[in-house]
Structures are given as structure tokens and as C-alpha cells.
Amino acid sequence: LESLLRLASPPAWGTMSHGAKVSGLEEGKSSVTRRRRRRGGKDASAKLKRKIEIAIQNEDFYLANQLILSQYHRLKSSDITEGLSGLFNGARDLLKAGQGNEGGSLACTYIQEGIDHKITPLAKDIVRIQSLFDMFGKADVKPRVEMMKLAIQWTSKCGSNPHGDQRLHTQLARFYDQHCLYAEAHKHYVRGARPQDHARCVMNWAKEGTYPEEIELFVARGVLEYLCIKGNFKNASAFYSSCVKFLDEIQPYKDQITKARKEAARCDEEDDENSSNHHHTTASPSSPSSSTTTTTSLQDFLRTDNRQDLFEAEAAVRPPLINFLGFLLTSIERRALSLFDMLCDKYEISLLQDPAYDKYLHRIAQIYFGRQAPKGILEELLGLFS
């Protein structure tokens, strides 16, 4: 009976090996500790979240700001994504409560942490920033602008576009535009994605306190700056076309352009009639294919799609720089370096109106024609763009 009892009962602790005893104790303790930590962490997070809600309800916004920062620093070591979401939610809640400074501070922390940790801004981050920007009150101009400038810096340093996200530039440009801060709006429109809005802004800017003949200077600066940013030819063309439409509606250009177009249309009708009458008696010379045609003069350049009369009529009315810009865009589109050089020579006097034009054109020749730019030109352009 004693033998059976000894076999059925568990071994005493004294008879177990030392390693087995320690291993069993440690495993039990660590398991309990992990459960307590998880439960304690969840409880602490829930309590902290509740404290933040109470602070906002009691309008103790500074305390809410500090609690949200404390929450982030607790989370970022284990899950920085969740921590950043907490910063965004906190900034949003404070901005909803009308606290531009406290909410803006958290928004800037959210963005700065992205920069410091070299986090690539995703589409959701851009949407978050845009939504926060729209939530600021009318009086919160400074924190609003500071947040957006920092966000653009984040997208330029850690994103795919070295000039910053176009959507953020456009949003900030429109904000400046609405407040008639046209010079600031121009800087961001040219890096944005709304050239039509930019054209309207520039025309309003040009009309304020300037002479009518200076409008072409504003348009030229915009087109040339667009072209100095790689991959921006489409926006440069759209900006130019929109500006020309606005310009053609300004007196006295409007009446002169209308008259020029009617005269060009009349000339086209006469040419068509003469061509019809001599079709069977006059042999037309064969023209070389477009791939082998070399532009040798500005007159040849104007003969595009049989619209020479219209080009010449409109060019006679518009300011010289406006004509230069139109020809410049077409020379780039055709990759015609000889024509580019010819235009720069022909419009040299007009281009001397602003010393910056020469620097812009050197950069344009480098981007679109592969010509080596003078040393230091990029550094000078950075100063012009800032």
C-alpha cells in the first residue's frame, strides 16, 4: 500500500532537479507578467484616452495637448503607425474645438515625426494633411501656413517629388490666392497642378498696381518657371494658353485681336478661292516629310497647319514676350534647338527686361535640348524660386 501511494503521489519539490524547478517557476511568472502587462497596458491606454476626452470637454486644451503627446511617446516605441494616428486624431479633435494653436502644434508634431523617422508620406497622409488644413479657423493663418509648409517639406524630403506634393502646393496656393497674396500664391501654383487657376491669379496680380504693358512680364515669369521644373511642359502650355485667353479679353487687345482674326479669316477664304481656281493649271511643289523638315526661319516656323495669316495677325497685336513664349513652347515641343536659339536672338531686347530670364533659358536649354548650363546656374535658380 505504501509503495502504491508513493507511485501515485507527485514528486516532492525537494526531489525535482534544480533546472526543472527554476524553469517551471520562470515560465509561470513570465506568463502571468505578460498577461498583467497586456491588461495593464490596455487599461492605461483606455484611462489616458478618457482623460483626453474629459480635458477637451472641460476646455482644458493645453492639458489635452500634453496628454496626447504623452500617449504618442508611449506608443511610438512599439507601434509608431498607431502613435502617429493618435497624433492626427488629437490634432483633428482640437481643431474641431476651434483650437488652432494647440491643434496646429500637434499637426506639426505629426508631420515632423514623419520627417525625423524618414517615413514615406502615403496617400492617406496627404488626405489627412489636407483635411487638417481645411479645419483651421479664419484667424489661425500662422499655424495653418506653418503646418502646410512643413508638410510640403516632408513630401519633398521623403516623397517621390523633390519639389513637394503638387496637391499640397495647390491647396496652399489657393489659400494665398483667396487672401490676395498673389506673390506667395504664384510660388506654390507653379509647383502645383492647377495652371488654369494660376493664370487667373497672375492676371489679377498683374492688374493690381501695374501698367497694362507689364502683364507680359508676369506671364513670362510663370511660363519660364514652369519649364524649369522637369516634367512640367504640359502645365506650362496650359498656363500660357489660359493667360492668352485672359489677355485677349482685355481692352484694347480684345478689339484688335477680333479685328485681326476677321482679317485672317478673310485672307484664308481668298487663298482657298485662288487655290481652287488654279488647281488644274498650277502644279504645287512637293513638300518634304515632317520628319526631315528643318526650320530655317521664323516665317517657316509660322507656317503651321496653314495658319500663317492668323499667327502673323495675332502676333502683331500681342506684346512681344507673349509671342516669344508661344514660339518657345512650340520649339520645345518640336525639339528644335536651332529655332530656340533664333528666338532668343530675335527677342533679345524683350528678354533684357528681367535679368532672371537669361538664367531660366539656360536651364530650359539644359532640360529640353541637353545643352550644358553655365556653372552655378542651378544655385542661382534656387534663389529665384525661394
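Novice: Which residues make up helix α9 (residues 182–189), and what values go with them?
Specialist: Taken together, the buried positions of α9 are occupied by Y182, A185, H186, H188 and Y189. Structurally, α9 contributes buried residues whose contacts are with α7 (141–158), α8 (166–178), α10 (195–207) and α11 (215–227).

Novice: Which residues make up helix α17 (residues 337–346), and what are the values?
Specialist: Within α17, burial applies to L339, F340, L343 and C344. For α17, the buried positions fall inside an angular range of 140° around the axis, keeping them on one side. Opposite the buried face of α17, at more than 90 degrees from it, the exposed residues are D345 and K346.

Novice: Lay out the confidence of the model for the chain in plain terms, naming residues and giving numbers.
Specialist: On average, the chain scores 81 in pLDDT, and the residues at 70 or more come to 68%. Ranking the elements of the chain by mean pLDDT puts helix α15 (residues 308–317) last with 52 and α8 first with 98. In this model, residues 304–311 is a region of pLDDT below 50 whose contacts with residues beyond four sequence positions or in other chains number 14 contacts.

Novice: So what's going on with the packing of aromatic side chains? Which residues, and what values?
Specialist: Applying the stated criterion across every chain yields a total of 10 aromatic pairs. Taking the centre distance of 6.4 Å and the plane angle of 50° together, the rings of F88 and Y110 count as tilted. Of this pair, F88 sits in helix α4 (residues 80–96) while Y110 sits in helix α5 (residues 100–116); the two residues are 22 residues apart in sequence, bridging distant segments of the chain. Each member of the pair, F88 as well as Y110, carries the same accessibility label: buried. Connected via pairs of aromatic rings, a cluster forms that spans F88, Y110 and W154.

Novice: Which residues make up the environment of C158, and what are the values?
Specialist: Its location among the elements puts C158 in helix α7. Given a relative accessible area of 15%, C158 falls into the buried group. Once the C-alpha coordinates of C158 and P121 are considered, the two residues, 37 residues apart in sequence, prove to be 6.9 Å apart. With residues near it in sequence (within four places) discarded, C158 still touches G114, I115, K118, I119, T120 and P121.

Novice: Pulling in residues and values, what's your account of the side chain of R128?
Specialist: The topology assignment puts R128 in helix α6 (residues 123–135). For the buried R128, no salt bridge exists, and the shortest N-O distance to an oppositely charged side chain is 4.2 Å, to D125. Beyond its immediate stretch of four places on either side in the chain, R128 contacts L84, S85, F88 and Y110.

Novice: Break down the environment of K230 for me, with residues and values.
Specialist: Looking at the element boundaries, K230 is found in the loop between α11 and α12 (233–247). C-alpha of K230 to C-alpha of I367: the two residues are 137 residues apart in sequence and 7.0 Å apart in space. Once you skip the residues sitting within four places of it in the chain, K230 turns out to touch R363 and I367.

Novice: Describe unusual backbone geometry, listing the residues and the values that go with them.
Specialist: You will see that K118, though not glycine, has its phi angle at about 55°, which is positive. Secondary-structure assignment places K118 in the loop between α5 and α6. The class for K118 is exposed, based on a relative accessible area of 68%.

Novice: I'd like to hear about the side chain of E225, residue by residue, with values.
Specialist: Topologically, E225 is positioned in helix α11. Looking at E225, its side chain comes within polar contact range of the side chain of H186, at 3.0 Å.

Novice: So what's going on with the pattern of salt bridges? Residues and values would help.
Specialist: For side chains bearing opposite charge, pairing can occur when the charged atoms are close. Considering all chains together, one arrives at 11 salt bridges under this definition. A salt bridge links R221 to D354; the nearest nitrogen and oxygen atoms lie 2.9 Å apart. Within this pair, whereas R221 is found in helix α11, its partner D354 is found in the loop between α18 (348–351) and α19 (356–369), the two being separated by 133 residues in sequence. R221 sits in the partly exposed class, given a relative accessible area of 24%. Here the salt bridges share partners, and the residues they tie into one network are R174, R194 and D197.

Novice: Now, about the packing of α5 against α7: what can you tell me, with residues and values included?
Specialist: A pair of packed helices can be characterised by two numbers: the angle between their axes and the separation between those axes. At a minimum axis distance of 9 Å, the contact between α5 and α7 shows a crossing angle of 10°. Between α5 and α7, the crossing angle belongs to the class labelled roughly parallel. Here G100, N101, A107, C108, Y110, I111, Q112, G114 and I115 of α5 lie close against α7, whose contacting residues are P143, E146, M147, L150, A151, Q153, W154, K157 and C158. For the contact of α5 with α7, the residue count by class is 11 nonpolar, 5 polar and 2 charged.

Thresholds, definitions, all that
Residues numbered from 1 in each chain as written. Predicted model: local features only at pLDDT ≥ 70, side-chain atom pairs only at ≥ 80, totals over all residues. Heavy atoms only, no water. Buried < 20%, exposed > 50% of the residue type's maximum accessible area, 1.4 Å probe, protein only. Helix = DSSP H or I, 4+ residues; strand = E, 2+ residues; numbered from the N terminus. Contact = heavy atoms within 4.5 Å. Arc of directions from axis to C-beta. pLDDT = per-residue confidence, 0-100. Phe/Tyr/Trp six-rings, centres within 6.5 Å; stacked < 30°, edge-to-face > 60°. Lys, Arg positive; Asp, Glu negative; His and termini not counted. Salt bridge = Lys/Arg side-chain N within 4 Å of Asp/Glu carboxyl O. Polar contact = N/O pair within 3.5 Å; in protein donor to acceptor, adjacent residues only side chain to side chain. Axes fitted to C-alpha atoms, helices over the stretch in contact; angles between N-to-C directions. Parallel < 35°, antiparallel > 145°, perpendicular 65-115°, else oblique. Nonpolar A, V, L, I, M, F, W, Y, C, P; charged D, E, K, R; others polar.

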